[in-house]
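Results of the structural survey
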Amino acid sequence: MTVDRPARRIAARVRVAVGVATAKAERPRNEDAVWARDGAFLVADGMGGHDRGEVASRTAIEVLRGLSQGAPTPDEARAMVREAHAAVRALPKGTGRRPGTTVTGVVLTEHDGVPCWLVVNVGDSRTYRMAGAVLEQVTQDHSEVAELVAAGVVSAEDASRHPRRNVVTRVLGGGSRDVEPDVWLLPVSPGDRMLMCSDGLTDALSDARIEAELRAADDPQEAADRLIAAALAAGGRDNVTAVVVDAAVTRRPA
Ligand code: MG
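This structure is a prediction, so every number in the text was calculated from the model and none was measured. (Residues numbered from 1 in each chain as written. Predicted model: local features only at pLDDT ≥ 70, side-chain atom pairs only at ≥ 80, totals over all residues. Heavy atoms only, no water.)

Details of the overall build of the chain
Definition in use: Put simply, DSSP marks the helices as runs of H or I at least four residues long and the strands as runs of E at least two long, and each gets a number from the N terminus on. For the radius of gyration, the atom set is restricted to C-alpha positions; the globular benchmark scales as 2.2 Å times the number of residues to the power 0.38. Partly exposed residues are those whose accessible area sits between 20% and 50% of the maximum for their type, while under 20% is buried and over 50% is exposed, using a 1.4 Å probe and protein chains only. Contact criterion: two residues are considered in contact whenever any of their non-hydrogen atoms come within 4.5 Å of each other. Using a 1.4 Å probe, accessible areas were evaluated by the Shrake-Rupley method; residue-level cover was limited to the displayed protein chains. His is not counted, nor are the chain ends; Lys and Arg add positive charge and Asp and Glu add negative charge. In this description, the location of a charge corresponds to atom NZ of lysine, CZ of arginine, CG of aspartate or CD of glutamate.
Helix and strand counts for the chain stand at 8 helices and 12 strands. A compact globule built from 254 residues would reach a C-alpha radius of gyration of about 18 Å, and the chain, at 17 Å, matches this within 12%. Here the chain holds 254 residues, and the buried ones make up 51% of them. Put simply, 71% of the contacts in the chain that link residues at least 6 apart link residues at least 24 apart. Of the roughly 11,700 Å² that the chain leaves accessible, carbon and sulfur atoms contribute 48%. Across the chain, the mean location of the 32 positive side-chain charges is 3 Å away from that of the 36 negative side-chain charges.

Next comes the structure, spelled out in structure tokens:
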């Protein structure tokens, strides 16, 4: 995707500051991957035998970084997620599970002249928005347990300890032929703080704790560092990644 005029216009109106932090915690390697520049802020959490998860998440990010600078429409974003799915599916399987990866994040775009966050999600990594110091989960997990909660079978409280909480129902790659990403458009509000994270963060910390850490740091890099440190201190064992993006919007240029 080439840098087009809407993308330049958005970059002129929405100033972002970004923080990125990640840790492999107790896993042998870090299978999370990140892209956080040029208007696209994405986290992918790979899975598969041996090094396949690492390759899966990086492959997805290599394709999806194409969303940066392109001011994509929702349909363009869906098409690129399908392209990433095909690229991960084309990876050699190796000896273990078929490689797969989640992806979540935001891309700056424009809709009817209004700067927007285009949110994409497949799997159980999450995108949150903090507006007015209140944290809201934007994405819905594609996981067995999230579906049980939605069906009223499992309470939200029990979900965080459920033995199958890490079983995802949609991934890029994996066994399924097609993928249906969730895509939303949210107008950018001045002062928005977006958080993209892998499940290593949300398994280790409650939403209330995540909100408290985000409030405690003005600087997005400090916020990301605090979140990772808190997850590790809480005994988090999985790879853990946090991308924090602060947005300042200037008035429409004349
Ligand atoms: Mg994980």
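Here the narrative resumes, following the displayed structure.
Overview of the pattern of salt bridges
To keep it simple, the criterion reads: A pairing counts as a salt bridge when a side-chain nitrogen of Lys or Arg comes within 4 Å of a carboxyl oxygen of Asp or Glu.
Under the counting rule described, the total for this entry stands at 20 salt bridges. Put simply, Glu144 and Arg164 hold a salt bridge, and the shortest N to O gap is 2.7 Å. Here the residue Glu144 occupies a position in helix α4 (residues 144-150), and Arg164 occupies one in the loop between α5 (156-159) and β9 (172-173), the gap between them amounting to 20 residues. Residue Glu144 is classed as partly exposed on the basis of its relative accessible area of 26%.

With respect to the coordination of the magnesium ion
When a metal carries six donors in an octahedron, the ideal angles between them are 90 or 180 degrees, while four donors in a tetrahedron ideally lie at 109.5 degrees. Let me state the cut-off plainly: In this listing, donors mean N, O and S atoms no farther than 2.8 Å from the metal, or 3.2 Å for Na, K and Ca; water is missing from the atoms, so a site can look incomplete.
Protein ligation of the magnesium ion involves Asp45 (OD), Asp199 (OD) and Asp238 (OD), the donor distances falling in the range 2.1 to 2.3 Å. When the donors of the magnesium ion are listed by position in the chain, the intervening gaps give D-x153-D-x38-D. Of the two residues, Asp199 is situated in helix α6 (residues 199-204) and Asp238 in the loop between α8 (220-233) and β12 (240-249); the sequence distance between them amounts to 39 residues. The residues Asp199 and Asp238 share a single accessibility class, namely buried.

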